[in-house]
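A look at the structure
If you want the building blocks of each chain, they are given just below.
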Amino acid sequence: MSRRKIRELIFKMIFRVDFYAEEEWTGQLALFLDALEEAGEKDRAYIEQKVTDIFAHLKEIDGMIDGSAHNWKTSRMAKVELSLLRLAVYEIRFEEGIP
């Protein structure tokens, strides 16, 4: 599976987060991964690891976004844009191997 497709799937899972309570995220991730017929085990493991790591840093990521967005808070942002920002901030700030 291409890196682009994997990032798209990670984005979809991040988007899904805002529609469920925090205690449901793990179950939603499991359902999401089960539905990925085109993904191999290696890709599923990578997606699961990445999404779990993003979930672990979500409050910190949202704090960074809130601190940088003038006159906006994450609670007011459209869910698609917020999901994109969360993924971007995670990749820049927390992902290993990104220059």
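Check the entry above for the structure.
Residues numbered from 1 in each chain as written. Predicted model: local features only at pLDDT ≥ 70, side-chain atom pairs only at ≥ 80, totals over all residues. Heavy atoms only, no water.

1. So, the overall build of the protein chain
Each helix and strand counted, the protein chain has five helices and zero strands in total. Ordering the α and β elements of the protein chain from the N terminus gives α-α-α-α-α. Relative to the globule expectation of 13 Å for 99 residues, the C-alpha radius of gyration of the protein chain, 14 Å, shows essentially globular dimensions. Along the first, second and third principal axes, the C-alpha atoms of the protein chain reach 40 × 35 × 20 Å. When each of the 99 residues of the protein chain is scored for burial, the buried share is 37%. Summed over all atoms, the accessible surface of the protein chain reaches about 6300 Å², with 55% contributed by carbon and sulfur. Measuring between centres, the 15 positive side-chain charges of the protein chain sit 5 Å from its 19 negative side-chain charges. (Helix = DSSP H or I, 4+ residues; strand = E, 2+ residues; numbered from the N terminus. Rg over C-alpha atoms; globule rule 2.2 N^0.38 Å. Buried < 20%, exposed > 50% of the residue type's maximum accessible area, 1.4 Å probe, protein only. Areas by Shrake-Rupley, 256 points an atom, 1.4 Å probe, with all protein chains shown as cover. Lys, Arg positive; Asp, Glu negative; His and termini not counted. Charge placed at Lys NZ, Arg CZ, Asp CG, Glu CD.)

2. A word on the packing of helix H1 (residues 3–17) against helix H5 (residues 79–93)
The geometry of H1 relative to H5 is characterised by a closest axis approach of 9 Å and an angle of 120° between their N-to-C directions. In terms of orientation, H1 and H5 fall into the oblique class. Between H1 and H5 lies a crossing of right-handed hand. Two secondary-structure elements touch here, H1 through Arg 7, Ile 10, Phe 11, Ile 14 and Phe 15 and H5 through Lys 79, Val 80, Ser 83, Leu 84, Arg 86, Leu 87 and Glu 91. Partitioned by chemical class, the residues of the contact of H1 with H5 number seven nonpolar, one polar and four charged. (Axes fitted to C-alpha atoms, helices over the stretch in contact; angles between N-to-C directions. Parallel < 35°, antiparallel > 145°, perpendicular 65-115°, else oblique. Left-handed = near helix turned anticlockwise from the far one by under 90°. Contact = heavy atoms within 4.5 Å. Nonpolar A, V, L, I, M, F, W, Y, C, P; charged D, E, K, R; others polar.)

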